[in-house]
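Remarks on the overall topology
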Amino acid sequence: MSIDHLGHPTTRPSTVPAAGATRRRWRQAVARPIAFACDAHARYQCALFRIGLSGLVLAFLLREWPHRRVLYGDRSPWALDLAARLVAENHAFTVLTWNAGRWWFECAYHGAILVAALLMLGWRTRATSVLFLIAVLSLQNRNPLIGDGGDNVIGVMAIYLAFTQCGAVWSLDARRARRNRRDGRVDRAGFVMWQILGVALLWVSDGFQGTAWAAVLWTFWACQGLWYAARRWSRGAWSRELLDAAATMLHNCAMLVIAAQICLIYATAGWYKIQGTRWQDGSGLHYALHLHYFSPWPGLGSLLASHMLLIVLLSYGTVVVQVAFPFLLGYRRLKTALLGLMILEHAGIAVLLGLPFLSAAMVVCDAVFLPTALLKPSRRSSGSRPRR
């Protein structure tokens with residue numbers, strides 16, 4: 001053995017990573033999900049969802065305007081005392097039972113039209129989304145006998161919409177925010193509107209009759225006031241960043257719940273059809289086309305029902321598409337084709353069964369799953385060309 005070998009023993013490479021590198025990996029692993037949760041997702045899908053939902057309610061209210069008193073007012077067969085008794089039993093929310101005067105009903109109905117139009121345009125969406133929720137629930141719970149599946153879907157989605165940042169894009173709010181940032185101005189009109197809504201909420205607080213909706217609305221109002229205070233008077237940026245991060249995570253959770261609710265609707269409809277014998281032998285659509293109260297075009301329905309092979313294929317295809325809907329959303333190529341099939345199915349339901357608002361509500365819900373690349377405008381100008 002040489003002297004050099006004795007004096008300088010062979011050094012082996014260390015197999016244990018450095019403590020600093022391990023600590024860095026753990027920080028990156030924790031920071032990635034936090035950054036993902038603090039970044040607002042599906043903003044364009046949420047804006048399209050807001051426009052479609054509010055536009056659908058606006059179209060319904062305008063179409064039923066000549067019959068508004070029969071449906072929800074003083075001429076309704078479902079009298080006001082019956083509605084008040086039902087609301088007291090099931091703890092539903094409606095403002096139309098607070099006063100029996102016609103002026104109150106007219107203000108509520110036309111106020112719902114105004115709120116739906118403002119929400120569709122994206123004006124003060126933090127406030128109008130909550131007012132839209134109040135309007136939708138008030139009309140639905142005033143006369144629950146005239147609703148269908150579309151009304152239920154709109155009522156549920158209106159609740160989730162109030163927790164989203166639905167005015168981030170494609171809205172007057174986004175346009176005003178860009179102008180304020182460019183000109184360095186502070187938005188004072190929002191704070192004035194917040195004060196007016198607080199006075200209005202205090203004025204109608206006696207009508208809640210001990211329900212939990214009073215606490216919900218006051219919580220919305222208080223959170224908005226806290227956000228205004230942090231924006232205006234907070235000296236440090238950490239409070240504003242904390243509130244913005246909380247609002248963003250709430251938006252992401254609400255969009256996730258909306259997607260889960262849509263999947264649950266389709267999956268439940270499909271699995272219930274599987275349990276029925278008519279859908280098992282492929283004749284379920286045949287009997288649905290012969291329901292007299294769901295036949296706006298009897299001749300068209302009879303013509304389609306006369307082709308039994310087509311009826312069987314459509315019946316089985318409807319069941320397969322509805323059951324497979326939650327499982328195919330993870331595949332991008334199949335998802336686009338699946339959404340196209342669902343839109344065609346809802347269009348057929350609207351025409352053949354006479355349920356246009358139910359079909360339109362489900363089409364609006366399906367728009368949540370559209371890819372962002374399809375909705376987001378390209379940043380590259382059409383006239384600009386890369387230099388060679």
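For the structure, check the block above.
A few points on the structure. Please read these numbers as outputs of a predicted model, since none were measured by experiment. (Residues numbered from 1 in each chain as written. Predicted model: local features only at pLDDT ≥ 70, side-chain atom pairs only at ≥ 80, totals over all residues. Heavy atoms only, no water.)

Concerning unusual backbone geometry
Phi is positive for Ala-42, which is not a glycine, with a value near 55°. Relative to the helices and strands, Ala-42 is located in the loop between α2 (19–37) and α3 (43–63). Residue class for Ala-42 comes out partly exposed when judged on its relative accessible area of 27%. (Helix = DSSP H or I, 4+ residues; strand = E, 2+ residues; numbered from the N terminus. Buried < 20%, exposed > 50% of the residue type's maximum accessible area, 1.4 Å probe, protein only.)

Remarks on a nonpolar patch on the surface
Residues Trp-297, Leu-300, Leu-303 and Val-351 make up a contiguous nonpolar surface patch of roughly 400 Å² in combined accessible area. Relative to the helices and strands, Leu-303 resides in helix α15 (residues 298–305). (Patch = residues over 30% accessible without salt bridge, like charges linked within 9 Å, V, L, I, M, F, W, Y side chains within 5 Å. Areas by Shrake-Rupley, 256 points an atom, 1.4 Å probe, with all protein chains shown as cover. Salt bridge = Lys/Arg side-chain N within 4 Å of Asp/Glu carboxyl O.)

Quick notes on the packing of α3 against helix α8 (residues 149–161)
The interhelical angle for the contact between α3 and α8, taken along N-to-C directions, is 135°, at an axis separation of 11 Å. Here α8 runs oblique to α3, going by the angle between their axes. Crossing of α3 over α8 shows left-handed handedness. Contacts between α3 and α8 involve Phe-49, Arg-50, Leu-53, Leu-56 and Val-57 from the first element and Ile-154, Met-157, Ala-158 and Leu-161 from the second. (Axes fitted to C-alpha atoms, helices over the stretch in contact; angles between N-to-C directions. Parallel < 35°, antiparallel > 145°, perpendicular 65-115°, else oblique. Left-handed = near helix turned anticlockwise from the far one by under 90°. Contact = heavy atoms within 4.5 Å.)

Things to note about the packing of aromatic side chains
Inspection of the entire model under this criterion finds 15 aromatic pairs. Ring centres of Trp-227 and Tyr-228 lie 5.4 Å apart, and the angle between their planes is 70°; on these two criteria the pair is classed as edge-to-face. Owing to a relative accessible area of 15%, Tyr-228 belongs among the buried residues under this scheme. Ring pairing ties together the aromatic residues Phe-191, Trp-194, Trp-218, Trp-221, Trp-227 and Tyr-228, which thus form one cluster. Between Arg-68 and the ring centre of Trp-65, over which it is positioned, the NZ or CZ distance is 4.1 Å. (Phe/Tyr/Trp six-rings, centres within 6.5 Å; stacked < 30°, edge-to-face > 60°. Lys NZ or Arg CZ within 6 Å of the ring centre and 35° of its normal.)

What to know about helix α9 (residues 172–183)
For α9, with 12 residues, the first-to-last C-alpha span of 16 Å sits near the 16 Å given by 1.5 Å per residue. Those residues of α9 that are buried lie in contact with α7 (125–142). Positive phi shows up at Gly-184, right after α9, with a value of about 70°. (Expected span 1.5 Å × (residues − 1).)

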